[in-house]
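# Structure at a glance
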Amino acid sequence: MSKSGDNPAPAGGARLPWLDVARVAACLCVLFVHVVYRGGCGGNVMVAIYDYYAVAGASDMFFMISGALMLWREREALPFLRRRVRRVVVPMLIWSVLVMLLNVALGRLEWAPLLRRLALLPVQPQVPQYWFVYCLMGLYLLTPMLSAWLARCRRRDVEVLLALWAVSLCV
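In what follows, the accompanying structure is described. (Residues numbered from 1 in each chain as written. Predicted model: local features only at pLDDT ≥ 70, side-chain atom pairs only at ≥ 80, totals over all residues. Heavy atoms only, no water.)

## A look at the packing of helix α1 (residues 17-35) against helix α3 (residues 58-70)
One way to put it is that α1 packs onto α3 with a least axis distance of 8 Å and a crossing angle of 155°. Here α3 runs roughly antiparallel to α1, going by the angle between their axes. For the pair α1 and α3, the sense of crossing is left-handed. Residue-level inspection shows Trp 18, Leu 19, Ala 22, Arg 23, Ala 25, Ala 26, Cys 27, Cys 29 and Val 30 of α1 in contact with α3, the latter providing Ala 58, Met 61, Phe 62, Ile 65, Ala 68 and Leu 69. For the contact of α1 with α3, the class distribution of residues is 14 nonpolar, no polar and 1 charged. (Axes fitted to C-alpha atoms, helices over the stretch in contact; angles between N-to-C directions. Helix = DSSP H or I, 4+ residues; strand = E, 2+ residues; numbered from the N terminus. Parallel < 35°, antiparallel > 145°, perpendicular 65-115°, else oblique. Left-handed = near helix turned anticlockwise from the far one by under 90°. Contact = heavy atoms within 4.5 Å. Nonpolar A, V, L, I, M, F, W, Y, C, P; charged D, E, K, R; others polar.)

Rendered as structure tokens:
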């Protein structure tokens, strides 16, 4: 999008107020989506369903914020991926192992299934709450290619692609 001269990223690392607002909204949605349950809405199932779907896009908002911050410039794939693996994957692996060991210590998990789960850890979330890390790493793998494409493409091309994508989401 740099050809059209309207780079969305601020110069010199300045803050983007609209992204700060989006981040606050996403944080609130994450809180709300995790506290909605049938008993918390006075037993009214319709209220619970409305509350859940009103805030269900919280994770998507975080992915969009990440894209708005990362995709505006080209990146070399290996340094970018090395940095992201250190910041995201390594802590997720450490905490996953610790959670599984705690489950063994509490008697919720036996040693044999633990070894199987450890073997699957690189390709399948073994702690369900970490599902988003696998999704995020998939997006990180695409980021160098997408940012290179966006740097060379016209704004109108991106708008058409996003419009087609929005239509496909409704189908």
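Having seen the structure, we can now continue with the description.
## Examining the packing of aromatic side chains
Throughout the structure, instances matching the rule amount to 2 aromatic pairs. Centroid distance Phe 80 to Tyr 140: 5.8 Å. Interplanar angle 85°. Geometry classified as edge-to-face. Placement of Phe 80 in helix α4 (residues 77-105) and of Tyr 140 in helix α6 (residues 131-152) is noted, with a sequence separation of 60 residues between them. With respect to class, Phe 80 is no different from Tyr 140; both count as buried. For the cation-ring pair, Arg 84 lies above Tyr 140, with the distance from its terminal atom to the ring centre recorded as 5.2 Å. (Phe/Tyr/Trp six-rings, centres within 6.5 Å; stacked < 30°, edge-to-face > 60°. Buried < 20%, exposed > 50% of the residue type's maximum accessible area, 1.4 Å probe, protein only. Lys NZ or Arg CZ within 6 Å of the ring centre and 35° of its normal.)

## A closer look at the nonpolar core
Ranked by internal contacts, the top residues of the largest apolar core, which has 19 residues, are Val 88, Val 133, Met 137 and Tyr 140. No other element matches α4, which puts 7 residues into this core. Each residue touching Tyr 140, except ones within four places of it in the same chain, is listed here: Met 70, Phe 80, Leu 81, Arg 84 and Val 88. (Core = buried A, V, L, I, M, F, W, Y, C linked by side-chain atoms within 4.5 Å.)

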